[in-house]
Amino acid sequence: MGGILRILVVAIVLAACANATSATDALPANSLAVTASSLGQRALSDPAAFDFVASLTTEIGQRLAGTEAHRRAVAWAETRLKAAGFENVHAEPFTFPAWIRGAESADIVGPAPQQLAVTALGGSVATDAGGIEAEIALFRTYDDLLSAAPGSLNGKIAVVTQRMVRAQDGSGYGAANPIRRHGPSEAAKRGAVAYLLRSLGTDHHRLPHTGALNYEDGVPRIPAAALAIPDAEQLERLAAKGPVRIRLLLTPTVRENAPSWNVVGEIKGNERPDQVVLIGGHLDSWDLGTGATDDGAGMAIVFGAARLIAGLPRRPARTIRVVLFGAEEMNFSGAAYAQAHQGEAGKIVVAGEADFGARNVYSVQLPAGAAGSDFGRALDRIVAPLGANLDRRPALGGGDDIRELQKAGVPVVSLRQDGLDYFDTHHTADDTLDKIDPRQLDQAVAVWSAFIYLAAASDVDFRSLAAAAK
Ligand SMILES: [Zn+2]
């Protein structure tokens, strides 16, 4: 193996210098690199990705998993994939406990009543029909909450106001994530009757950020909601002056065994169709906005990239499989896909998910051992003119929906998008189409299309590269 790739590195240099496909088309060995490079250039002016997310967010809107809106989105996606020339288009069903938002409000009660901007966390239980009224115990860091003694929060509403750090790579979200995921159970262990957190976001609007929680088994389940950031700061100031009482009302419901689907479309390989390059995004969204950047944009990117490849006169050797996952926000679709495709991990050459907004890709992380390979060098030369670098560090993960595949041994890739302002609108009512810059979206399509094409058209073997690097 590698013969084609070795020549490919040389070819890329030629292609970059020539900056035109016609000059190098005559050399068959150059064709992979030239094609990948020209795909990237074409993506920069291809309206397909933006059209995809504009249509989805306009004609369907929000599509919370387990709702009728999500069902409509599944039909929309199947139609869209078929119309774009994908083969084997189908929806793979699974069931899960769907969480449906109800009424939600929080009010400061007492001599100076005020309304607070809150939204329930996905998975939260409801309060009593009349709400919960209690004094708050406010912690400025999550660690302060974890340091509180058992019983010290008896009968109180725990409030954590730790700030989330703005960072291009989204690392601030990862660091703060346990505050939302595990905070409710940690507060309940210490006696709290409800839980509020400062939204995991980097904006200063009065729009709270929702997101899923994970209750711990054996711990009382308490209602939990996110405060808009200005409201969390308001509570900090009030709490510094004396006791604060809040009335919290949340009325979400759960629908057991609700249906969802992972929508699949393929571009069949013309030589080794059993070898699959799996790329995805997630079709479900939160219910507050229209899921434009999370994850309409991610789906649009992989759709746009694969569609460009589908339009080539000659198909790549391997199959490209696009999976639009059906319950990422509720953490069910990745496991459902892996379960339905047990034993197939060995056929998947590499997997990646675009689920980090609509901005440009600035860095590519390949599976371990691949950055220094012929494949890595070839890809680096193609994506550098597009404004992306090959990161020498390997991808640690490829997205929530492919984590189970990764555990089963599938190599993963991570195309890092600029996330500096992603968490200004993430999981809020403000996640809408106007936040997407089509030119940045197209750049992401360009980098993805180059990667997907090279992985599908070459004989790169990421498992061997990883083994050799050990
Ligand atoms: Zn997402």
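Structure: see above.
Quantities reported herein were computed from a predicted structural model and do not represent experimental measurements. (Residues numbered from 1 in each chain as written. Predicted model: local features only at pLDDT ≥ 70, side-chain atom pairs only at ≥ 80, totals over all residues. Heavy atoms only, no water.)

All right, on to the packing of aromatic side chains then. As enumerated under the stated definition, the model contains 13 aromatic pairs in all. Between Y173 and F423, the aromatic rings sit 4.5 Å apart at their centres with planes inclined by 25 degrees, giving stacked as the arrangement. Here Y173, found in helix α7 (residues 171-181), pairs with F423, found in helix α14 (residues 422-425); they are 250 residues apart in sequence, far enough to count as distant. The exposure class of Y173 is buried, given its relative accessible area of 15%. Judged by its relative accessible area of 3%, F423 falls in the buried class. An aromatic cluster of three or more residues is present, and its members are F52, W76, F86 and F303. (Phe/Tyr/Trp six-rings, centres within 6.5 Å; stacked < 30°, edge-to-face > 60°. Helix = DSSP H or I, 4+ residues; strand = E, 2+ residues; numbered from the N terminus. Buried < 20%, exposed > 50% of the residue type's maximum accessible area, 1.4 Å probe, protein only.)

The biggest cluster of nonpolar side chains holds 75 residues, and the ones touching the most others in it are L379, W448 and F451. It is helix α15 (residues 438-457) that provides the largest number of residues to this core, a total of 14 residues. For W448, the contacting residues outside a window of four places in its chain are I279, I301, V302, A305, G352, E353, A354, V361 and L415. Within the second largest apolar cluster, 32 residues are counted, among which are A65, A106, I136 and W286. (Core = buried A, V, L, I, M, F, W, Y, C linked by side-chain atoms within 4.5 Å. Contact = heavy atoms within 4.5 Å.)

Before going further, it helps to examine the pairing of strand β10 (residues 253-267). Here 11 bridges tie strand β1 (residues 87-100) to β10, and the two strands are oriented antiparallel to one another. Note on β10: the bridge partner recorded for H90 is V264. Pairing analysis gives five bridges linking β10 to strand β12 (residues 318-325), with the strands arranged antiparallel. Pairing of V264 across the sheet is with V323, part of β12. (Pairing = 2+ DSSP bridges.)

So, about the environment of A120. With respect to the helices and strands, A120 occurs in strand β4 (residues 118-120). Distance in space between the C-alpha atoms of A120 and A103 is 8.9 Å, their sequence separation being 17 residues. In this structure, A120 is in contact with W99, R101, E104, T210, A224, A225 and L250, ignoring residues within four places of it in sequence.

Glancing now at the side chain of T35. Its place among the elements puts T35 in helix α3 (residues 31-43). Its relative accessible area of 18% is what places T35 among the buried residues. Those residues in contact with T35, other than ones at most four positions away along the chain, are L312 and Y453.

Moving on, we come to helix α5 (residues 68-83). Along its 16 residues, α5 runs 23 Å from first to last C-alpha, staying within 8% of the 22 Å computed at 1.5 Å per residue. Taken residue by residue, α5 has A69, H70, A73, V74, W76, A77 and L81 as its buried positions. Check the buried side of α5 and you find it contacts α4 (48-60), β1, β10, α10 (292-310) and β12. (Expected span 1.5 Å × (residues − 1).)

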